[in-house]
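Summary of the model geometry
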2 protein chains.
Amino acid sequence: MTGADALVATLADNGVGACFANPGTSEMHLVTALDRETRIKSVLCLFEGVATGAADGYARIAGKPAMTLLHLGAGYLNGGANIHNAKRAYTPMINVIGDHAVPHRKYDAPLNSDIMGLAGPNSIWIKSADSVKVTGKLASEAYAASFGPEPGPVSLILPADSAWEEGGEKGGEAKVPPLRQTPAAKIEAAKGAIARAKSPLILINGTALTEEGLQQAARLKGAGLRVMTDTFYWKIRRGAGHFAPDRMQYFAEGAMADLEGTDLMLVAGTSLPAAFFAYPGKPSLLVPEGCETLSLGGHDTDSAATLKMLADALDANAPADPVSLRKPDMPTGELNAAAVGKSVARHMPENAIVSDDGVSNSLPVFAGTQGAEPHDWMMLTGGAIGQGLPLALGAAVAAPDRKVIALTGDGAGMYTNQALWSMVREGCDVTVIVFVNHTYRILNIELHRTGAGNPGPTAKDMLAIGEPDIDWVSLAESVGVPSTAATTAEEFDAAFEEAMKTPGPRLIAALVPG
Amino acid sequence: MTGADALVATLADNGVGACFANPGTSEMHLVTALDRETRIKSVLCLFEGVATGAADGYARIAGKPAMTLLHLGAGYLNGGANIHNAKRAYTPMINVIGDHAVPHRKYDAPLNSDIMGLAGPNSIWIKSADSVKVTGKLASEAYAASFGPEPGPVSLILPADSAWEEGGEKGGEAKVPPLRQTPAAKIEAAKGAIARAKSPLILINGTALTEEGLQQAARLKGAGLRVMTDTFYWKIRRGAGHFAPDRMQYFAEGAMADLEGTDLMLVAGTSLPAAFFAYPGKPSLLVPEGCETLSLGGHDTDSAATLKMLADALDANAPADPVSLRKPDMPTGELNAAAVGKSVARHMPENAIVSDDGVSNSLPVFAGTQGAEPHDWMMLTGGAIGQGLPLALGAAVAAPDRKVIALTGDGAGMYTNQALWSMVREGCDVTVIVFVNHTYRILNIELHRTGAGNPGPTAKDMLAIGEPDIDWVSLAESVGVPSTAATTAEEFDAAFEEAMKTPGPRLIAALVPG
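Residues numbered from 1 in each chain as written. Chains lettered and ligands numbered in written order. Predicted model: local features only at pLDDT ≥ 70, side-chain atom pairs only at ≥ 80, totals over all residues. Heavy atoms only, no water.

A short note on the interface of chain B and chain A
The partner chain A presents 94 residues to the 94 residues of chain B that form the contact. With both chains or domains summed, chain B and chain A bury close to 7,800 Å², and 65% of this area falls on carbon and sulfur atoms. Joining chain B to chain A, the criterion identifies 2 salt bridges. Across the pair Arg88(A) and Asp108(B) runs a salt bridge whose closest N-O atoms are separated by 2.7 Å. The interface formed by chain B and chain A contains 50 residue pairs in polar contact (both at pLDDT 80 or more). Considering only residue class, the side of chain B that touches chain A consists of 50 nonpolar, 31 polar and 13 charged. (Contact = heavy atoms within 4.5 Å. Buried area = accessible area lost by both parts, 1.4 Å probe. Salt bridge = Lys/Arg side-chain N within 4 Å of Asp/Glu carboxyl O. Polar contact = N/O pair within 3.5 Å; in protein donor to acceptor, adjacent residues only side chain to side chain. Nonpolar A, V, L, I, M, F, W, Y, C, P; charged D, E, K, R; others polar.)

Quick notes on the nonpolar core
Grouped together as the largest cluster of nonpolar side chains are 195 residues, with contacts concentrated most on Leu7(A), Phe20(A), Met67(A), Leu7(B), Phe20(B) and Met67(B). In this structure Phe20(A) touches Val43(A), Cys45(A), Ala51(A), Ala54(A), Ala55(A), Tyr58(A), Ala66(A), Met67(A), Thr68(A), Leu69(A), Gly394(A) and Val397(A), once residues within four positions along its chain are discounted. (Core = buried A, V, L, I, M, F, W, Y, C linked by side-chain atoms within 4.5 Å. Buried < 20%, exposed > 50% of the residue type's maximum accessible area, 1.4 Å probe, protein only.)

Structural notes on the packing of helix H13 (residues 337-347) of chain B against helix H21 (residues 489-501) of chain B
All names here are of chain B. Orientation of H13 relative to H21, taken along the N-to-C sense of each, is 30 degrees, at an axis distance of 9 Å. In this view, H13 runs roughly parallel relative to H21, as classed from their interaxial angle. In the crossing of H13 with H21, the sense of the turn from one axis to the other is right-handed. When H13 is examined against H21, the residues Ala339, Val340, Ser343, Val344, Arg346 and His347 are found in contact with a partner set consisting of Ala489, Phe492, Asp493, Phe496, Glu497 and Met500. (Axes fitted to C-alpha atoms, helices over the stretch in contact; angles between N-to-C directions. Helix = DSSP H or I, 4+ residues; strand = E, 2+ residues; numbered from the N terminus. Parallel < 35°, antiparallel > 145°, perpendicular 65-115°, else oblique. Left-handed = near helix turned anticlockwise from the far one by under 90°.)

Topic: the sheet that holds strand S1 (residues 18-21) of chain B
Residues and elements named next belong to chain B. Taken in spatial order, the 6 strands of this open sheet run S2-S1-S3-S4-S6-S5, and their pairing is parallel. Each of the sheet's edge strands pairs with one partner strand only, and the pair in question is strand S2 (41-44) and strand S5 (125-128). Across the sheet, the axes of successive neighbouring strands diverge by a mean angle of 20 degrees, strand direction being ignored. One ladder, built from 7 bridges, connects strand S4 (residues 93-99) with strand S6 (residues 153-159); its direction is parallel. (Pairing = 2+ DSSP bridges.)

What to know about unusual backbone geometry
With an omega dihedral of -5 degrees, the bond running from Glu467(A) to Pro468(A) counts as a cis peptide bond. Tracing the chain through its elements places Pro468(A) in the loop between helix H18 (457-463) and helix H19 (472-477). In this structure, Asn351(A) is a non-glycine residue whose phi angle is positive, near 70 degrees. Mapping Asn351(A) onto the fold places it in the loop between helix H12 (337-347) and strand S13 (352-357). Of note in this structure, Asp315(B) is not a glycine but carries a positive phi near 50 degrees.

Right, here's the structure in full:
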């Protein structure tokens, strides 16, 4: 078999079920190998940032990596921001990067670049299959490596000659490393610290945010610990019937006020919290002065198991109550994020998936849906906006029978608007809500918080994305997404209700205050 | 002054006149510094690949670098593919990458990444201004470094605290390195080799493609040398009144057939030609067997001067004739790239600028406009499609009084469709021609050339961008670009004639065969 066939078959053997692709000439043999491999669904993306964001969304829902097909270093760069986001989500991803044939590299043809160098920093594993013999073996290694134990994106470079030559061999079963277990001694230390603390808190992420993890977290809450998540995380199971942990506030001053009096901070499945950005004269580390800290493991650890060990050690047998189902009344009047949150809570079906890249409009929707039907909520993890639509695409491919709701700012949505095209092509059941305020609203807030001075006309212009206003209905319909604009809460509610009843891609432009 | 003010003022002092920006929180002090610096025009881009492509287009027309404003490593990655293209165009560019404040880095906040590592490979110079004191000095260094002498993109990382702190100092005049001169001994060697050769050829790029360079190239042609350019290059001055060199063919087999019999290949302003991609059993280096080769300098060399030295040495005083003005008749019938070429040749005004990212439809337009009014033609240099619209945006900002024509494939145009928004915002006089064939047509050609086998349904799907078809008129009008679709040569001719008479952005969707 060719090297391309060996690579693709090895990944399929190990369970890879989707390839988000933007191929070029150097990947043609991979394209025909994928044609022969029916176990992998190939999804064409018109921009690599869509492919990598979709692979992330797929993995968050499927619990296993998708592969991407990227065209040399330039293709990797186009996909790079959402690879960064995936790295920060700790989701596994296998980026297959086509390269020039090995003997062709030395001629430094126009598309040549130092792929190893530029892809290295955001790859937790990177190798180049410079001989056809190793294509299968490295595919198997890449699959295993993407699971970490701190999971993340891996890069497998495939030179064109390694793809087209005969002599490839399948790589066999990947040795997927298990997540680490928190040592018993650490649990004991945590137990002792809790006994001494007046106001203990446990900060959680990773597998602590799964259904099982949250059941354990509810036990800890019942035993007197405050349970808080990171501000942003890969996915949480939430809604009616689920324990709702607190969420770390985004702005450092708010977070610090909220944490006041906390004298013990345990962390499980994450690291000590830091402010998203630095500001003049404000702290970076979001830990109160004098607060004791203790790590029970990071993203390499099975934190659901950690929480269970700790809850058992504490004899925590009175779990905090889960959230009850609460469907709000129909919102009326001005359309804003809170009104959107009400409509989403009213109409979102059970087991929906939310992809959240709504930036400054996200929090009211998140807060408003705490008592909605049980669902999964995925977030932007790495701060590189433009992840929401691709993530929704990938989630919809992973779970074609579940309703996916994508929240995106208008600024964020423009980065990867090409995702809409793939949603139509694949018939994805995604409802996109674009918060249209014609501005990078978060930056107007941040401009003042950073003390950068009073903005003059140029500065204001740099943060405003009106002039021209973007007509999202026209944009979405240009690639065949049925779309509507809503200017009042009533209009939005009707449009969203209709979208929840209708399968297939759909977009609602929610015209909200700037 | 703050570090941000020192950086911006230093670049303005040295002549930087434009900033293509996609800022975030860590760049807020740069945004307000730009607000205060009236010598730099700030242009907001909704995606960083637009910003970097525009900076490239600006530099190719203005002859000096623009700056970009990018948001940490993720912003750099989004701009990375067009930085790769700029590196391959050998145009100067100053990428200012905002970073976390230095003391904040160690907390590894979500947007943190190894900027030095990921930006290094495509930066010809990269430094981080880790103290406010060095902001101006490094800005001056960065400006100079972008000129090479092999020009290209440089990266200046600016941590937020270096931007916001007081104590910045302007960096003074940049010591711009001059292009190198070809040593006289090499000219003598070339003269001797030409005398011995039966069929000598000189391959040119760089400054050899300027007005002055082409006048010298015409002298060489008159003296019996075949004059040929690289397949792709940064810019050429062409049209009526200009000497038209041959162009290296794209496909290796065509190029080799064309070069048959060539027994001497001189190169000036470039390197020995290599095939764009490798193909099984086909050569990589496009030099006939036994052909003598001699380099008179690469992109670091003033090749216009090189050609003059060589022409003087050869006493070449009978230059080849320049092209005469030839305006074709109105095309009729089927709309295809040849018909588009005729319309462009008929109506393009004097001194227009063409940005060519038309992929498989480019060559007929290029060939058809050889006798058009004199103009500048800019090409995709690094093979990463999605450069054409940004390049046109930057050229239009550099030369607001010149008509800019952007040729783009539909696949290529989707990568950076956000450029249309900036064109409207800036009132750019750009006419965009999108070749709409609903396919990555070049890949259908390449699939067969690489011998990847007969494509099955999945493979065909990976190369077809119909289903859904993209409605470019609706897409362009969603951001306010007046647009029209043309399905016949007559319709296109009328639409293009109208566009040439009307200032401002405009888009024509040319529905051509797939």
